[in-house]
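# Report on the structure
The lines below spell out each chain.
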Amino acid sequence: GVVGSHWRPKSGKKSTQAVLTRPDGSELGLTIHPGVQRRIKRRLKRSRVPYGAAVLMDVKTGALRAYVEHFEAGEPAGEGNGLTRAVAPAASIFKIITAAALLEAGAQPESETCFHGGHRGIKASLLKNTARDKTCESLAMSLARSSNVAFGKQAIRRLSSGALTASAEDLFFGRALPFDVHTAPSWVGIGQTDLQLAKAAAGFVGTTLSPLHGAVIAASVANGGVMMQ
């Protein structure tokens, strides 16, 4: 931050822009929406979550409209703030990276996979084709429904650990986001066995990310596949 600076809403009409007044009297307009920022802060505090973070991004420009975190029992140790720490499991957000890797490997949105089970995890027996595989979905529908086993099976069929890792690195896993505030790189470490690959593809193991990175990935999908800085 800037020593001696302070925030205020832009004057004249309903607050839609934050302005930072610097020590020399000059002003810097920021993209944060103060009203939205305050409402999210209040909601996180009222919910009493141990830790919560929210990032709202304009998908067309990359401008941040809200950038909020809440600690119920003191800020955890570590470099940076919670919005830029890459400590949370990537979970099903990582299916977006897996889907991108599958498309690069030749899968089509209509590519179908039949499976059963896997609502809360993946085990080796679920990755084998059996008569119990009664649910059949396209890749597009599997992404919409976050179907774990479908992604695990597609990954084993079409990807290697290296190919999935390369897709993650293309989308800024393993390197810092280009952002004005230092961000810890999201981590990727995908195992070599089929089971490890399947679990990683579905987001269960092998990856962590920051709330900011999660918002950037989601915004990229909403923006037609273009990641904004």
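A few points on the structure.

The rules we used
- Residues numbered from 1 in each chain as written.
- Predicted model: local features only at pLDDT ≥ 70, side-chain atom pairs only at ≥ 80, totals over all residues.
- Heavy atoms only, no water.
- Phe/Tyr/Trp six-rings, centres within 6.5 Å; stacked < 30°, edge-to-face > 60°.
- Helix = DSSP H or I, 4+ residues; strand = E, 2+ residues; numbered from the N terminus.
- Buried < 20%, exposed > 50% of the residue type's maximum accessible area, 1.4 Å probe, protein only.
- Pairing = 2+ DSSP bridges.
- Axes fitted to C-alpha atoms, helices over the stretch in contact; angles between N-to-C directions.
- Parallel < 35°, antiparallel > 145°, perpendicular 65-115°, else oblique.
- Contact = heavy atoms within 4.5 Å.
- Nonpolar A, V, L, I, M, F, W, Y, C, P; charged D, E, K, R; others polar.
- Salt bridge = Lys/Arg side-chain N within 4 Å of Asp/Glu carboxyl O.

Counted according to the given criterion, the structure contains three aromatic pairs. Look at tyrosine 67 and phenylalanine 179: their rings are 6.0 Å apart centre to centre, the planes differ by 45°, and that puts the pair in the tilted class. Of this pair, tyrosine 67 sits in strand β5 (residues 64-71) while phenylalanine 179 sits in the loop between α5 (161-170) and β9 (187-188), and the two are 112 residues apart along the sequence. Residue class for tyrosine 67 comes out buried when judged on its relative accessible area of 17%. Ring centres of phenylalanine 94 and phenylalanine 173 lie 5.4 Å apart, and the angle between their planes is 90°; on these two criteria the pair is classed as edge-to-face.

Attention shifts here to the sheet that holds β9. Working definition: the strands of a sheet are paired by backbone hydrogen bonds and lie parallel or antiparallel to each other. Strand order in the open sheet formed by three strands is β6-β10-β9, and the pairing between neighbours is antiparallel. Two strands close off the open sheet at either side, each with one partner strand: β6 (88-89) and β9. Pairing geometry for β9 and strand β10 (residues 207-209), over two bridges, is antiparallel. Residue pairing across strands places valine 188 opposite threonine 207, the latter belonging to β10.

Where helix α2 (residues 94-104) meets helix α6 (residues 194-202), the closest approach of the two axes is 7 Å, and the angle between their N-to-C directions is 115°. Classified by the angle their axes make, α2 and α6 are roughly perpendicular. Listed contacts from α6 to Phe94, Lys95 and Thr98 of α2 are Ala200, Ala201 and Ala202. By residue class, the composition of the contact of α2 with α6 is four nonpolar, one polar and one charged.

With that settled, consider the pairing of strand β3 (residues 27-30). Examined bridge by bridge, strand β2 (residues 18-21) and β3 share four bridges and lie antiparallel to one another. Bridge pairing in β3 places valine 19 opposite glycine 29. Linking two consecutive strands that pair antiparallel, namely β2 and β3, is a turn of five residues; a positive phi of about 90° is found at glycine 25 within it.

On to the pairing of strand β7 (residues 112-115). As a general feature of sheets, a regular strand has side chains that alternate between the two faces. Of the two faces of β7, the one lined by Thr113 and Phe115 is fully buried and the one lined by Glu112 and Cys114 carries no buried residue. As judged from the four bridges shared by β7 and strand β8 (residues 135-138), these two strands associate in the antiparallel manner. Within the sheet, the bridge partner assigned to glutamate 112 lies in β8 and is serine 138.

The subject of this paragraph is helix α4 (residues 148-158). By the criterion of burial, α4 is predominantly enclosed, with eight of the eleven residues buried. Of the surrounding elements, those touching the buried residues of α4 are α2, β7, α3 (139-145) and α6.

On to the pattern of salt bridges, then. Applying the stated criterion to the full structure yields four salt bridges. Between aspartate 58 and arginine 65 there is a salt bridge, and its shortest N-O distance comes to 3.5 Å. Residue aspartate 58 is classed as partly exposed on the basis of its relative accessible area of 23%. We classify arginine 65 as partly exposed; its relative accessible area is 33%.

From the geometry alone we can't say anything about function, so treat these as descriptive.
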